[in-house]
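# Coordinates in review
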Amino acid sequence: MFDDLRDLYQEVIFDHNRNPRNFRVMDNADRKVEGFNPLCGDRLTLFLKMKGNLIEEASFQGSGCAISTASVSLMTEIIQGKTEAEAEELFKKFHEMTTGKDEHFNLEAIGKLAVLAGVREYPARVKCATLAWHTLDAALKNEQQSISTE
Ligand code: ZN
């Protein structure tokens, strides 16, 4: 990865960590799932408002490290207006990007989420980045309990 691209990615992560998007409790949420990453101490609650199989609104609350906060902030932005199937597809791509050994992963296919591609060089941080997505996965499967990355 080029250094200037890496800098740009870090800017985006810092920005989302400082000013998380959709950071609020949703009173009329259809789905509410808590996620916890004991490895780092990241905690979040994900709220979804559904319209049929469409994710109409997404928001979150919680506290965690910069990577986990930026990841869930970016995710809530990106999944709004997506169908459940499209969101699951993004989860799969995101998982491939952060854990895969594929050096030629097409970053363009994942849009803004590419800013988190760097975590694959830091295995300990992968769970910070994927916590939001595992929580989303549970929410889409309508599993109301808490989930843990362990
Ligand atoms: Zn973390």
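Owing to the predicted nature of the structure, the values given are computational and were not obtained by experimental measurement. (Residues numbered from 1 in each chain as written. Predicted model: local features only at pLDDT ≥ 70, side-chain atom pairs only at ≥ 80, totals over all residues. Heavy atoms only, no water.)

### Concerning the coordination of the zinc ion
Here the zinc ion is held by Cys-40 (SG), Asp-42 (OD), Asp-42 (OD), Cys-65 (SG) and Cys-128 (SG), and the distances to it run 2.2 to 2.6 Å. Its relative accessible area of 36% is what places Cys-40 among the partly exposed residues. Under the relative-accessibility criterion, Cys-65 is labelled buried at 16%. (Donors = N, O, S within 2.8 Å, 3.2 Å for Na, K, Ca; no water. Buried < 20%, exposed > 50% of the residue type's maximum accessible area, 1.4 Å probe, protein only.)

### Thoughts on the confidence of the model for the chain
Residues at a pLDDT of 70 or more form 93% of the chain, whose mean pLDDT is 90. The lowest-confidence element of the chain is strand β4 (residues 147–148), averaging 74 in pLDDT; the highest-confidence one is strand β3 (residues 54–63), averaging 97. (pLDDT = per-residue confidence, 0-100. Helix = DSSP H or I, 4+ residues; strand = E, 2+ residues; numbered from the N terminus.)

### Some details on the pairing of β3
Pairing of strand β2 (residues 42–51) with β3 involves nine bridges; the strand directions are antiparallel. Across the sheet, the residue bridging to Met-50 is Ile-55, located in β3. The antiparallel pairing of β2 with β3 creates a hairpin that spans two residues between the two strands, and Gly-52 there sits at a positive phi of about 65°. (Pairing = 2+ DSSP bridges.)

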